[in-house]
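Next come the chains, spelled out residue by residue.
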Amino acid sequence: MNNFFFCTPTKYVFGRDVENEAGQRIIDEGGTKALIVIGGGSVVRSGLLDRVTKSLEKAGIAHCLLSGIQPNPVDTKVYEGIKMARAERCDFILAVGGGSVIDTAKAIAAGVPYDGDFWDFFMGRKVERAVPVGVVLTIPAAGSEGSGNTVITRLDGLHKISIRSPYALRPKFALMNPELTYTLPFSQTSAGVADMMSHIFERYFTNTTGVEITDRICEGALKAIITEALKIKANPTDYDARANIMWSGTVAHNGICGVGREEDWASHGLEHELSAVYGVTHGAGLAVIFPAWMTFMAERKPARGAQLARRVFDIDDDDDRSAAIKGIERLKAFYREMELPTNLAELGIPDADIDLLVEKVHENKGTPFGSYVPLYPDDSRRIYETAKGV
Ligand code: NZQ
Ligand code: ZN
């Protein structure tokens with residue numbers, strides 16, 4: 001196990017009705033005026049925004065609203081938010097939504113106190129200071145409510161880039177009411193499940209040895225996610241299943257599954273190009289990319305895939321390569337049960353421009369990228385080709 005420093009300072013407030021605490025929580029963090037950030041309207045239709053603003057008003061927190069954040073959020077909305085937060089003198093940013101809304105809120109938070117272009121942070125500049133951010137989570141998926149990451153697409157050139165700032169950008173609090181997720185379309189629930197599983201896979205496929213505790217946390221979480229996701233499919237208002245999936249999304253990405261070990265993250269790089277170029281849902285893209293990446297790894301370095309297959313999918317096979325392949329088949333079968341795509345055509349990209357994807361992923365991630373087996377352009381190409389599923 002590698003040396004590590006682990007600190008996850010977000011305060012998680014979990015359960016029914018916790019969104020009504022938003023105002024008091026902002027006061028506790030020293031905020032007096034909040035920029036509320038929302039997506040395309042689900043929180044208006046569900047009445048959530050109304051409840052949250054009432055909570056702020058009751059607590060005496062002034063507020064203004066930035067709406068219309070789209071999935072795979074873009075830089076133009078961040079510029080708009082920075083301008084609004086400065087003009088309105090907001091000292092707190094409240095994201096009410098999913099990963100796209102939270103990531104936009106974080107990028108605005110970094111941009112407000114900075115004199116230059118916020119995109120500098122996505123080009124390598126360290127985020128030193130940020131306006132505090134709070135979250136009311138509506139979809140378990142990206143794990144942004146507990147991560148220090150933000151992922152934004154620059155429209156000029158369609159560059160989707162992720163940055164990590166473990167302290168400045170971690171939300172101060174996350175209000176997590178599983179009932180808020182009852183209104184999710186099944187396709188979004190299942191894409192969220194694929195995303196959180198991928199966050200565990202990115203950490204599970206490691207070259208670090210002697211990490212049995214994190215291996216077992218990862219395996220246990222994956223088993224729980226599979227069981228609880230199928231319960232949601234059977235009954236979308238199963239509170240406990242929704243609660244387990246909501247907390248799994250956080251556990252998968254707040255760092256606990258990755259301490260003391262090298263992580264990979266190549267599959268996220270490969271997927272971000274699909275989202276940037278074709279606008280696909282991140283989790284659905286990962287349901288296609290991860291089995292293809294694992295297939296490549298089953299040839300190149302099958303040990304971790306074989307352990308995953310044996311421990312999570314109960315595959316009984318002594319040969320690492322064939323065990324890994326059987327595990328991938330079981331994973332794909334689960335994804336199909338969750339009505340997720342498992343190849344590029346099912347994802348709606350029958351004629352993917354693989355040359356472009358390979359060029360962009362290496363431009364954005366460097367060469368090689370990933371760590372379990374570092375990927376060169378020929379490797380990335382093979383994985384995208386495998387994702388075609390033909
Ligand atoms: O925009 P609205 O109308 O709110 O609808 C959203 C959106 O269309 C809808 N939705 C959310 N909650 C709902 C709901 N519909 C009904 N009822 C509810 N309760 O779901 C759609 C997707 O929302 P989005 O915020 O895009 O989902 P997600 O949480 O999956 O976020 C995806 C983004 O997060 C990034 C992804 O790349 C992608 O851009 N990621 C961020 C990470 C991070 N910051 O740590 C890590 C991840 O790996 C990921 O890359
Ligand atoms: Zn992800």
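Residues numbered from 1 in each chain as written. Chains lettered and ligands numbered in written order. Predicted model: local features only at pLDDT ≥ 70, side-chain atom pairs only at ≥ 80, totals over all residues. Heavy atoms only, no water.

Caption draft 1: Looking closely at the overall build of the chain. A tally of regular secondary structure across the chain gives 14 helices and 8 strands. In terms of overall size, the chain behaves like a compact globule, its C-alpha atoms giving a radius of gyration of 20 Å where 390 residues would be expected to give roughly 21 Å. Oriented by its inertia axes, the alpha-carbon framework of the chain measures out at about 65 × 45 × 45 Å. A total of 390 residues make up the chain; the buried ones form 58% of that total. Of the contacts made within the chain by residues no fewer than 6 positions apart, 77% connect residues no fewer than 24 positions apart. With the model as given, the accessible surface of the chain reaches about 15,400 Å², and the carbon-plus-sulfur share is 50%. Each charge sign in the chain was given a centre, from 43 positive and 51 negative side chains, and these centres are 3 Å apart. (Helix = DSSP H or I, 4+ residues; strand = E, 2+ residues; numbered from the N terminus. Rg over C-alpha atoms; globule rule 2.2 N^0.38 Å. Buried < 20%, exposed > 50% of the residue type's maximum accessible area, 1.4 Å probe, protein only. Contact = heavy atoms within 4.5 Å. Areas by Shrake-Rupley, 256 points an atom, 1.4 Å probe, with all protein chains shown as cover. Lys, Arg positive; Asp, Glu negative; His and termini not counted. Charge placed at Lys NZ, Arg CZ, Asp CG, Glu CD.)

Caption draft 2: Local environment of the coordination of the zinc ion (ligand 2). Looking at the zinc ion (ligand 2), the protein donor atoms are Asp 195 (OD), His 199 (NE2), His 268 (NE2) and His 282 (NE2), and they sit 2.0 to 2.2 Å from it. Taken in sequence order, the residues that donate to the zinc ion (ligand 2) follow the motif D-x3-H-x68-H-x13-H. Remark: His 282 occurs in helix H10 (residues 282-300) and His 199 occurs in helix H6 (residues 186-204); sequence separation between them is 83 residues. As far as burial versus exposure is concerned, His 199 and His 282 are alike and both buried. (Donors = N, O, S within 2.8 Å, 3.2 Å for Na, K, Ca; no water.)

Caption draft 3: Focus on the pairing of strand E4 (residues 92-97). Taking burial as the measure, the 6 residues of E4 include 6 buried ones, the bulk of the element. Pairing of E4 with strand E5 (residues 133-137), which is carried by 5 bridges, proceeds in the parallel orientation. Considered in E5, the bridge of Ile 93 is made with Val 133. Note that the unit made of E4, helix H5 (residues 99-111) and E5 has a crossover that is right-handed. (Pairing = 2+ DSSP bridges. Right-handed = clockwise from strand over helix to strand, strands pointing away.)

Caption draft 4: The arrangement of the packing of aromatic side chains in detail. The tally for this structure, following the rule as stated, stands at 16 aromatic pairs. The interplanar angle of 50° and the centroid separation of 4.7 Å between the aromatic rings of Tyr 114 and Phe 121 together place this pair among those described as tilted. The pair formed by Tyr 114 and Phe 121 is uniform in burial state, with each residue classed as buried. Ring centres of Phe 118 and Phe 122 lie 5.7 Å apart, and the angle between their planes is 85°; on these two criteria the pair is classed as edge-to-face. By relative accessible area, Phe 122 is classed as buried at 6%. Site record: aromatic cluster; members linked through ring pairs are Phe 201, Tyr 204, Phe 205, Phe 290, Trp 293 and Tyr 372. Above the face of the Tyr 372 ring, Lys 301 is positioned so that its terminal group lies 5.0 Å from the ring centre. (Phe/Tyr/Trp six-rings, centres within 6.5 Å; stacked < 30°, edge-to-face > 60°. Lys NZ or Arg CZ within 6 Å of the ring centre and 35° of its normal.)

Caption draft 5: Main features of the domain arrangement of the chain. Segmenting the chain into domains produces domain 1 (11-180) and domain 2 (186-387). If you look at the interface, domain 1 gives 28 residues, while domain 2 gives 26 residues. Contact between domain 1 and domain 2 buries roughly 2,200 Å² in total, counting both sides, with carbon and sulfur atoms accounting for 59%. When the area that domain 1 buries against domain 2 is broken down by residue, the three leading residues are Pro 140, Lys 160 and Pro 178, summing to 24%. (Domains from an automatic or database assignment. Buried area = accessible area lost by both parts, 1.4 Å probe.)

Caption draft 6: Summary view of the packing of helix H7 (residues 212-234) against helix H11 (residues 303-313). Contact geometry for H7 and H11: axes closest at 10 Å, N-to-C directions at 50°. Considering the angle they form, H7 stands oblique to H11. Considering how the two elements wind past one another, H7 and H11 form a crossing that is right-handed. On the side of H7, the interface is formed by Glu 212, Asp 215, Arg 216, Glu 219, Leu 222, Lys 223 and Ile 226, while H11 contributes Arg 304, Gln 307, Leu 308, Arg 311, Val 312 and Phe 313. The residue makeup of the contact of H7 with H11, split by class, is 5 nonpolar, 1 polar and 7 charged. (Axes fitted to C-alpha atoms, helices over the stretch in contact; angles between N-to-C directions. Parallel < 35°, antiparallel > 145°, perpendicular 65-115°, else oblique. Left-handed = near helix turned anticlockwise from the far one by under 90°. Nonpolar A, V, L, I, M, F, W, Y, C, P; charged D, E, K, R; others polar.)

Caption draft 7: Highlighting the site of ligand 1. Every one of the 31 residues lining ligand 1 counts as a neighbour, but Gly 40, Ser 42, Gly 99, Ser 100 and His 199 are closest to it. Take Asn 149: an N or O atom from its main chain is 3.1 Å from a nitrogen atom of ligand 1. One of the side-chain nitrogen or oxygen atoms of Lys 160 is found 2.8 Å away from an oxygen atom of ligand 1. Listing elements by their share of the shell around ligand 1, those giving two or more residues are H5, strand E6 (149-154), H6 and helix H9 (266-278). Among the residues forming the shell around ligand 1, the class breakdown is 9 nonpolar, 19 polar and 3 charged. If you count residues domain by domain, the shell around ligand 1 takes at least three from each of domain 1 (11-180) and domain 2 (186-387). (Near = heavy atom within 4 Å. Polar contact = N/O pair within 3.5 Å; in protein donor to acceptor, adjacent residues only side chain to side chain.)

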